[in-house]
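Now for the letters of each chain:
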Amino acid sequence: MTHGDDRPDPAALPEGFGLRLDRSVRTFRHGTVLVGGHPGRLMALSPEGAEELGRWLEGGPPSPAARRLGRRLVDAGMAHPVAPDATSGRGDVTVVVPVRDRSESLERCLRSLDAGAAVIVVDDGSDDPDAVARACLAYGARLIRRRANGGPGAARNEALPSVQTELVAFVDSDCEVGAGWLDSLTWMFADPGLGAVAPRVRPGSTGSRSGRSVLARYSEARSALDMGDAGSEVGPGRLVSYVPTAALVARAAAVGSGFDDRLRVGEDVDLVWRMLDAGWRVRYEPAVTVFHREPTSWAALLGRRLRYGTSAGPLDRRHPGRLPPLELRPWPTAVAVAVVTGHPAAAVVVLAGSTAALARQLRGRGVPVGRSLAWSAQGAGWTLVGMGHALTTVVGPVVAGALRRRRWVATAGLLMALPPVVDWWRRRPALDPVRWTVASLADDMAYGAGVWLGCLGEGSFGPLVPKLRLGPADGTDRPG
């Protein structure tokens, strides 16, 4: 549906877009009730709306009303847009590559970029600027030099005044992109409200699975830059709360004045959240993969994680309340606390109460009580996992004190081991559970140490304080 001046309707997905439901979504009552998404919610449809949605999901042309419903589903994290069968091309994109030395990595990066795109390389105070200049000359990239190193945010900002295209792609010099990666992302900008879209960033290949080191196998499965294999709207409370600018395609208008160059780390999170605050949408699209060179030693990997953690304090100062170590809801938290404190009977009673409350909330929606029980149990389970993760990353001093009391040793140890064990079961990495758990705990503790340093340095302690969320876990939406 369009307005009289032929502008696209911002309340509807653009014409030509397809739609698919998120894998978390379950349907009930003949497709008129949808439950799922991130954050979880319930959406009730009219029989006519359910019928039109079904036709669209099966490949039929959507009506204007269906496209408006599609927008609501995408905004709720319950569905994802699908590329049109035919696209009109990506339009003009300028690629910005910040670099400091690493001329060999820069050459690989420039070699991988799509032909025809304008490329600006910003040398951020390299010790060997001539090597960077030779790489730019070899691949036809424009070079901008900074005399003093200012960090990746400042380097990207240096290029922004030279960007004359509607879209700008940021690619770090230690990344390699695949053929056609821009075409596979830029079709989304037919949505006028989209500010940026990010591909999945994965570690580059380092040989056969069996011959690689423990570090390489761990990094492949749990890189700090890899946001996972599920597409998502991006933002606090979403499945993907932020995306790195190791690779990011953005509308120049949404980037505005650029990155906060006072941030040496976390500048990407800050930019994405400022886009969201300005009313833009940001998406994560894992169907497109960019490869990134990971640290080659444990000291380098853990040092990087510590540096990333130091961004928590400055980010909390700029975006209060968006970085809690744990979000707690009353019912799941009560179940989890009963389990942790060794009161299984109380846990069962509270779980029964949680199930009854959820079933009452969903009464008349066609959702069986068994499903309410499963969701209540899952909520309690993920709360336990979250508590274990927070215990590892943020509550180190408290853990050290608690371990002096022997009765808490086993409980704290099991709780801390729970997140990596669950993670191993879900990911099935090419690494045994013991080494995976040890590496994960070291990784999380390094990050947690960084969080403490960043919070103490900034005097902002939101990332150390759990957030309590009241109200039902699932919102209810009735499109009509």
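Computed from a predicted structure; not experimentally measured.

## Topic: the nonpolar core
The nonpolar side chains of soluble globular proteins are, as a tendency, buried together. The biggest cluster of nonpolar side chains holds 36 residues, and the ones touching the most others in it are Val 95, Val 121 and Trp 181. A per-element tally of this core places strand E6 (residues 93–99) first, with four residues. Contact partners of Val 95, with chain neighbours within four places excluded, come to Leu 113, Ala 117, Ala 118, Val 119, Ile 120, Ala 169, Val 171 and Leu 182.

## Focus on the packing of helix H10 (residues 298–309) against helix H17 (residues 433–458)
The interhelical angle for the contact between H10 and H17, taken along N-to-C directions, is 40 degrees, at an axis separation of 6 Å. Taken as axis vectors, H10 and H17 run oblique relative to one another. The two elements H10 and H17 meet at a crossing, and its hand is right-handed. For the pair formed by H10 and H17, the contact residues are Trp 298, Leu 301, Leu 302, Arg 305, Leu 306, Tyr 308 and Gly 309 on the first element and Ala 439, Ala 442, Asp 443, Asp 444, Ala 446, Tyr 447, Ala 449, Gly 450, Val 451 and Leu 453 on the second. Grouping the amino acids of the contact of H10 with H17 by side-chain chemistry returns 12 nonpolar, two polar and three charged.

## Quick notes on helix H12 (residues 330–340)
All of the buried residues along H12 are Pro 332, Thr 333, Val 335, Ala 336, Ala 338 and Val 340. Immediately beyond the C-terminal end of H12, within one or two residues, lies Gly 342, with a positive phi of roughly 80 degrees.

## Examining empty space enclosed by the protein
One way to see where empty space is left: roll a probe the size of a water molecule over the atoms. Applying the stated criterion across every chain yields a total of two cavities of 30 Å³ or more. Around the largest cavity, the lining residues are Leu 13, Phe 17, Arg 71, Val 74, Pro 81, Met 188, Asp 191, Leu 194, Glu 233, Arg 281 and Arg 283. Listing elements by their share of the lining of the largest cavity, those giving two or more residues are helix H2 (64–75) and strand E14 (281–292). Among the residues making up the lining of the largest cavity, the classes are represented as six nonpolar, no polar and five charged. Approximately 30 Å³ is the volume found for the second largest cavity. Every residue lining the second largest cavity is listed: Asp 22, His 38, Gly 77, His 80, Gly 231, Ser 232, Glu 233 and Arg 238. Partitioned by chemical class, the residues of the lining of the second largest cavity number no nonpolar, five polar and three charged.

Definitions and cut-offs
Residues numbered from 1 in each chain as written. Predicted model: local features only at pLDDT ≥ 70, side-chain atom pairs only at ≥ 80, totals over all residues. Heavy atoms only, no water. Core = buried A, V, L, I, M, F, W, Y, C linked by side-chain atoms within 4.5 Å. Buried < 20%, exposed > 50% of the residue type's maximum accessible area, 1.4 Å probe, protein only. Helix = DSSP H or I, 4+ residues; strand = E, 2+ residues; numbered from the N terminus. Contact = heavy atoms within 4.5 Å. Axes fitted to C-alpha atoms, helices over the stretch in contact; angles between N-to-C directions. Parallel < 35°, antiparallel > 145°, perpendicular 65-115°, else oblique. Left-handed = near helix turned anticlockwise from the far one by under 90°. Nonpolar A, V, L, I, M, F, W, Y, C, P; charged D, E, K, R; others polar. 1 Å grid on protein atoms, 1.4 Å probe; cavity = no way out; pocket = protein on both sides within 12 Å on 5 of 7 lines; lining within 4 Å. Points joined across faces, edges and corners; volume = space filled by probe spheres on them.

Keep in mind these numbers describe shape, not what the thing actually does.
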